[in-house]
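Chain by chain, the residues run as shown.
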Amino acid sequence: MSQYDKTVIDTFLKNQLQLFPERVAESAEEAEEFLDICGAAVCKNLKEVRQYFDECGADISGMSNQDLAEAQEVFALPDGRYLVVEG
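Residues numbered from 1 in each chain as written. Predicted model: local features only at pLDDT ≥ 70, side-chain atom pairs only at ≥ 80, totals over all residues. Heavy atoms only, no water.

> Looking at this structure, I do not really get the side chain of T11. What am I missing?
By the secondary structure assignment, T11 is in helix α1 (residues 6–15). Those residues in contact with T11, other than ones at most four positions away along the chain, are A76, L77 and P78. (Helix = DSSP H or I, 4+ residues; strand = E, 2+ residues; numbered from the N terminus. Contact = heavy atoms within 4.5 Å.)

> Explanation requested: α1 in the structure shown.
Side chains that are three or four residues apart share a direction in an α-helix, a result of its 3.6 residues per turn. Every buried residue of α1 is accounted for by V8, I9, T11, F12 and L13. For α1, the secondary structure elements touched by its buried residues are α2 (28–38), β1 (41–43), β2 (74–76) and β3 (82–84). Between a side-chain oxygen at the N-terminus of α1 and the backbone nitrogen of T7 the separation is 3.1 Å; the capping residue is D5. (Buried < 20%, exposed > 50% of the residue type's maximum accessible area, 1.4 Å probe, protein only. Polar contact = N/O pair within 3.5 Å; in protein donor to acceptor, adjacent residues only side chain to side chain.)

> What should I look at first to understand the sheet that holds β3 in this one?
Within a beta sheet, neighbouring strands are joined by backbone hydrogen bonds and run either parallel or antiparallel to one another. If you trace the 3 strands from one edge of the open sheet to the other, you get β1-β3-β2, paired in antiparallel fashion. Each having just a single partner strand, β1 and β2 make up the two edges of the open sheet. The mean angle between the axes of side-by-side strands here comes to 25 degrees, regardless of whether they run parallel or antiparallel. Bridge count between β2 and β3: 3 bridges; the pairing is antiparallel. What sits directly across from V74, in β3, is V84. Helix-sheet contacts for α1 involve β1, β2 and β3, and the interaxial angle to β2 is about 115 degrees. (Pairing = 2+ DSSP bridges. Axes fitted to C-alpha atoms, helices over the stretch in contact; angles between N-to-C directions.)

> For this particular structure, what's the right way to read the nonpolar core?
Most often, soluble globular proteins have nonpolar side chains that are buried together. Judged by nonpolar contacts, the single largest core of 15 residues is most densely connected at F12, L35, L83 and V85. Secondary structure elements with two or more residues in this core: α1 and α2. The biggest single contributor to this core is α1, with 4 residues. Setting aside anything within four residues of it in sequence, one finds L35 in contact with Y4, V8, F12, A40, L83 and V85. The next biggest cluster of nonpolar side chains, apart from the first, holds 12 residues, and it includes A41, Y52, F53 and Y82. (Core = buried A, V, L, I, M, F, W, Y, C linked by side-chain atoms within 4.5 Å.)

Set out below in structure tokens:
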């Protein structure tokens, strides 16, 4: 059972060029495998996104929630969650 649901995979497939100069996945299977390999995280809100970056040691202290939501690594999901992919 994958930790990435259809919404997560479809959003990443559609928007992957926001983070990468070229496509890294062409199919849902490739996207799921890529997300697994790079340890992408699904966060239920921006508070969890901030917590994720803090735990990774990223310096985001000066970033507003809007800055965080617009970061290249952060993909807003249509249901209000966020996918964080470290490139």
